[in-house]
Amino acid sequence: CGYAMWRRSTGQLGVFWLSFRLAGGNWLLQCSSCLDQALYSDSKIKENVEDADLQTLMQQIKHIRIREFDHGEEEFFNKFFSRRQLGIMAHELQPVMPTAVGVLPERRWTNPKGVTNQTKNVMLVRDTHLLFAALGAVQLLAKKADVWDEGIEQLFKDNSAIVAEQDDNRRKREELLEQLVRVVAKVEVMQFGFAKTEESVARVEGAMTHHKQVQQERHDQMLLSVDMLTNKSLEQDMNIATFQEAFRQAVDREARADLVEKRKQTEAELEVQLVKRSIEKLRWEEEQKTITLRGEEDRKKDEYSTQKHHERVAFETAQKKAADLEVLNQQEESNLRQQAQKHKDEKELLELRLKSDERRAELGVQEAIERAKIEEEGKIKAARENEDVNTRLMQAEQAEKRAQMLAAIQATATVASDWVHAVFSSATNLALLIGSIVTCLGGIYLVREMAILLREQLNKRLGRPSLVRMTNRRGTMQQVGIGILRLLRLRPPRGAEFNDVVLHPKLRQQVMRLADATSSAKRRRMPLQHAMFYGPPGTGKTMVAQRFAEYSGLEYAIMSGGDVAPLEEQAVTELHKLFRWVHRSSRGVLLFIDEADAFLASRKNSGMSETMRNALTTMLYHTGTPSSQFMLVIATNRPHDLDSAILDRLDESVEFGLPDLDARKGMVQLYYDKYIAKPLRLPTVSATTTMLRKPPVQVNGFRSRLPGSPRPQIPREEEVDEAAMAVVAERINGFSGREISKLFTSLQTHVLYSDRAHGRAICTKSMLLEVVDQKVAEHGRSHEFQTTGYEYRHAESHGGNGAHGAHRAPERGAHEMNGTVLSKGAP
């Protein structure tokens, strides 16, 4: 055992020597069994020998706290060392490494004055345990260092491969510089727009400053009024105090003389106590000020020393960083020179090989041409010499084929005539034929009607309400089949529902946060939140709701708000059926109401019918209490028309705006692949590849099999590439997702027409931009119809050469066509 509670990192032998010298006549410290058995090689008294857990030792070493402390007592060894030293606190080491701390029943020592002191139950640190724990941690680090060395060697190999790719990256950087030049030009245009915007902001700030000055003047006037009221209240307090003093004097005059004397004596004692208390308070305040000033002075000293230390460390770090940077720059320059020389040598060697291969290829081509000429001349000569023989063989072959064809046609005609004669010669056979045809037609009609009836009955039996237009509720067998398809990777796994959905990053983050929260709440059987999706039409609210339900593990049921009004008195009953059907689900249901403003409009509207009010009240009844069984999601283009009670029941509101430039680029790429590239077997367009010049092979195409059919090549400037897609995304600013989808379905018709005109399906840049211009014009006209209305004007040229005929109608503010008057403001 060592004698001390603290252990030094060096001088182990000196510590043991001092321990035995200090022990003196203490029998406990002289015990031979106190020495640690780890220092002896006697294996007979050691049991349960096994390898230590180096990882655990490493974690324990990490959590040991090294402290710095002063000795409270002057022990005999302190005259050799400083009173300040490093050590480990035994009570802090015990929770981290319990086996390294023991309890000494009694510890004795003698101070310099010769007085013997003793302490009971002293914690003792086992220094050999710490020593071997540190040795185990070093072994673990050595093993990890071997792994790190292997990783460094692999890293060097990877670096050599990366250096080989630097030449390719240099070429790509040059291409990026060209794109940056174009981007800088766009940025200059945007800066001009920003300058105009800053001017407008400056004007607005001036107006706001004036408004703030006016508000400040009004505030000052209000403060003056408050001060006047305060003065009045002070005057009233003074009057009340005067009245109280007069009342007190009257009471004093009426009191007896002995009571007056006793009160005066008590007041004098009270004043003495108050004076003493004030003196004590002043003394305490002075002491607190002195302590505060001393603490502040110490804190300033510490801050100053800390600041100087930080400045010194920062200066040393900066000097080291500069030196390291200089070394790195020199190494990089050396590597670049080596790579340049290596590249130059490889380029020269490659040029020599190319020249040799070209010469060898030219010789091979010439030899093949000569050989082909000789073979063709031999074939032509043989054909000329055997012309009569070949002619007779061809004539005999054609005659044989003709005879076989005629025999087959004759046999077929004989069988058909025999069958027709057998049918029409007998009335029974004819009736049987007509009856079979009628029976087949009737059976087909009956099966179709029975299938429709069976579907309606199944819907009634299963309880699907009439308000539900679409749902993904499946049976057990269907769910098992879908699970098997996912295991076989024939269907996308869970969590991939939003992979093909293009959303703004902030909108995607909000939707995914709500979806993850819904999925977590569903697993914990917590109440589900209700939400509202609002925004312009065609921005993907319904699609996101379906993917949202599948991602969260819920079933979805889609209904339209316009289906409630035609039900009239039955609307309330159907809504109750709907919610009963929802509560029967075992997975939970996401109830999506499209065009919710059609029957959830505000009750302040005077034109709202009584049945619609009852339907709205029913919806409020079913959604008033949070439920873990269903989640309500409503979609609307007019959120301001909704009833306030409905808005109060919604926990989240998600705005689906029109797609920005990045989202439009993603949608253009997505819909091009969906409607053009994949169905028509055209090459796709990505960020690194363009459309191939070689047309795809049409296995079933008739024109591709005809000899001499035209195969027009697409010029390079007409290829649809990433730049063309970017131009399309910029031109369709303000389009919704549905309009972008319709744009590419329209482009599909143009591509199919090119199949008829050119013999195969092609898509050129001019064709794409033409369709985009048409759709942009239609988009502008649609907005014009909504804002200014529509007025038809019949434009026709004089002399009968107009495009619309020779009859000219007078121009008027309104035209009567087929009994309908079309005028401005009434589209």
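This text goes with the structure placed above it.
Residues numbered from 1 in each chain as written. Predicted model: local features only at pLDDT ≥ 70, side-chain atom pairs only at ≥ 80, totals over all residues. Heavy atoms only, no water.

Caption draft 1: Looking closely at the overall build of the protein. Secondary structure assignment for the protein yields 19 helices and 12 strands. Long-range contacts, defined as pairs at least 24 residues apart, comprise 69% of the intrachain contacts of the protein with a sequence gap of at least 6. Total accessible area computed for the protein in this model is approximately 60000 Å², and 56% of it derives from carbon and sulfur atoms. (Helix = DSSP H or I, 4+ residues; strand = E, 2+ residues; numbered from the N terminus. Contact = heavy atoms within 4.5 Å. Areas by Shrake-Rupley, 256 points an atom, 1.4 Å probe, with all protein chains shown as cover.)

Caption draft 2: Up close: the pairing of strand β6 (residues 531–534). Of the strand pairs in this sheet, β6 and strand β9 (residues 630–636) are connected by four bridges, and their pairing is parallel. Of the residues in β9, the one forming a bridge with Phe533 is Ala635. When β6 meets strand β10 (residues 652–655), the two strands line up parallel, connected through four bridges. By the bridge assignment, Ala531 is partnered in β10 with Glu652. (Pairing = 2+ DSSP bridges.)

Caption draft 3: Just the sheet that holds strand β8 (residues 589–594), in detail. Pairing is mixed in the open sheet, where six strands are placed in the order β5-β7-β8-β9-β6-β10. Strand pairing shows two members of the sheet lacking a second neighbour, β5 (470–471) and β10, which therefore form its edges. Contacts between helix α11 (residues 541–552) and the sheet are confined to β5, β6, β7 (555–560), β8 and β9, with β8 contributing the most and set at about 175° to the helix. (Axes fitted to C-alpha atoms, helices over the stretch in contact; angles between N-to-C directions.)

Caption draft 4: Highlighting the side chain of Thr623. Checked against the element boundaries, Thr623 lands in the loop between α13 (610–622) and β9. In terms of polar contacts, Thr623 uses its side chain to reach the backbone carbonyl oxygen of Met619, at 2.7 Å. A distance of 3.4 Å separates the side chain of Thr623 from the side chain of Arg649, its partner in a polar contact. When residues no more than four places from it in sequence are discounted, the contact partners of Thr623 are His530, Phe630, Leu632 and Arg649. (Polar contact = N/O pair within 3.5 Å; in protein donor to acceptor, adjacent residues only side chain to side chain.)

Caption draft 5: How the structure looks around the packing of aromatic side chains. In this structure the tally under the stated criterion is five aromatic pairs. Both rings, one in Phe498 and one in Tyr551, keep their centres 5.8 Å apart while their planes meet at 70°; by these two values the pair is edge-to-face. Of this pair, Phe498 sits in the loop between α9 (476–487) and α10 (505–523) while Tyr551 sits in helix α11, and the two are 53 residues apart along the sequence. Measuring from centroid to centroid gives 6.4 Å for Tyr672 and Phe744, while their planes differ by 80°, and the two rings are edge-to-face. Placement of Tyr672 in helix α15 (residues 661–680) and of Phe744 in helix α18 (residues 737–758) is noted, with a sequence separation of 72 residues between them. The class for Tyr672 is buried, based on a relative accessible area of 0%. Phe744 sits in the buried class, given a relative accessible area of 0%. (Phe/Tyr/Trp six-rings, centres within 6.5 Å; stacked < 30°, edge-to-face > 60°. Buried < 20%, exposed > 50% of the residue type's maximum accessible area, 1.4 Å probe, protein only.)

Caption draft 6: Representation of the packing of helix α2 (residues 54–63) against helix α4 (residues 127–164) in the model. Interhelical geometry of α2 versus α4 gives an angle of 110° and a closest axis separation of 8 Å. Judged by the angle between their axes, α2 and α4 are roughly perpendicular. The handedness of the crossing between α2 and α4 comes out as left-handed. Of α4, the residues touching α2 (which contributes Leu54, Gln55, Leu57, Met58 and Ile61) are Ala133, Ala134, Gly136, Ala137, Gln139, Leu140, Leu141, Lys143 and Lys144. Classifying every residue of the contact of α2 with α4 by side-chain character gives nine nonpolar, three polar and two charged. (Parallel < 35°, antiparallel > 145°, perpendicular 65-115°, else oblique. Left-handed = near helix turned anticlockwise from the far one by under 90°. Nonpolar A, V, L, I, M, F, W, Y, C, P; charged D, E, K, R; others polar.)

Caption draft 7: Expanded view of the nonpolar core. Among the nonpolar cores identified, the biggest contains 31 residues, and Ile593, Phe599, Leu600 and Ile634 are the most heavily contacted of them. When contributions to this core are tallied by element, the ones reaching two or more residues are β7, α12 (571–583), β8, α13, β9 and α14 (644–648). Broken down by element, the residue count for this core peaks at six residues, all from α12. Dropping the residues within four chain positions of it, Ile634 is found in contact with Ala531, Met532, Phe533, Ile593, Ala596, Leu600, Leu642, Ile646 and Leu650. Formed by 28 residues, the second largest nonpolar core is a distinct cluster that contains Cys763, Leu768, Leu769 and Val771. (Core = buried A, V, L, I, M, F, W, Y, C linked by side-chain atoms within 4.5 Å.)

Caption draft 8: Here's a closer look at helix α19 (residues 765–788). With 24 residues, α19 extends 34 Å from end C-alpha to end C-alpha; this agrees with the ideal 34 Å at 1.5 Å per step. Immediately beyond the C-terminal end of α19, within one or two residues, lies Gly789, with a positive phi of roughly 85°. (Expected span 1.5 Å × (residues − 1).)

Caption draft 9: Structural context of the pattern of salt bridges. Tallied over the entire structure, the rule returns 23 salt bridges. A salt bridge links Arg84 to Glu68; the nearest nitrogen and oxygen atoms lie 3.4 Å apart. Pair noted here: Arg84 is in strand β2 (residues 84–87) and Glu68 is in strand β1 (residues 67–70), with a separation of 16 residues, a long-range link. In this structure Arg84 comes out as partly exposed when scored by relative accessible area, which is 40%. Each member of the salt-bridge network shares a partner with another, and the members are Glu68, Asp70 and Arg84. (Salt bridge = Lys/Arg side-chain N within 4 Å of Asp/Glu carboxyl O.)

Caption draft 10: Region of the structure containing unusual backbone geometry. In the Ramachandran plot, Glu568 falls in the positive-phi region, its phi being about 55° despite a non-glycine side chain. Structurally, Glu568 can be placed in the loop between β7 and α12. Relative accessible area serves as the criterion here: at 44%, Glu568 is assigned to the partly exposed category. For Glu595, which is not a glycine, the phi torsion comes out positive at approximately 50°. Looking at the element boundaries, Glu595 is found in the loop between β8 and α13.

Caption draft 11: Quick peek at the packing of α15 against helix α17 (residues 722–731). Packing of α15 against α17 leaves a shortest axis separation of 9 Å and a crossing angle of 125°. Considered as vectors, α15 and α17 are oriented oblique to each other. The way α15 lies across α17 gives a crossing that is right-handed. Residues Leu661, Arg664, Lys665, Val668, Gln669 and Tyr672 of α15 pack against Met725, Ala726, Val728, Ala729 and Glu730 of α17. Residue composition of the contact of α15 with α17, grouped by class: seven nonpolar, one polar and three charged.

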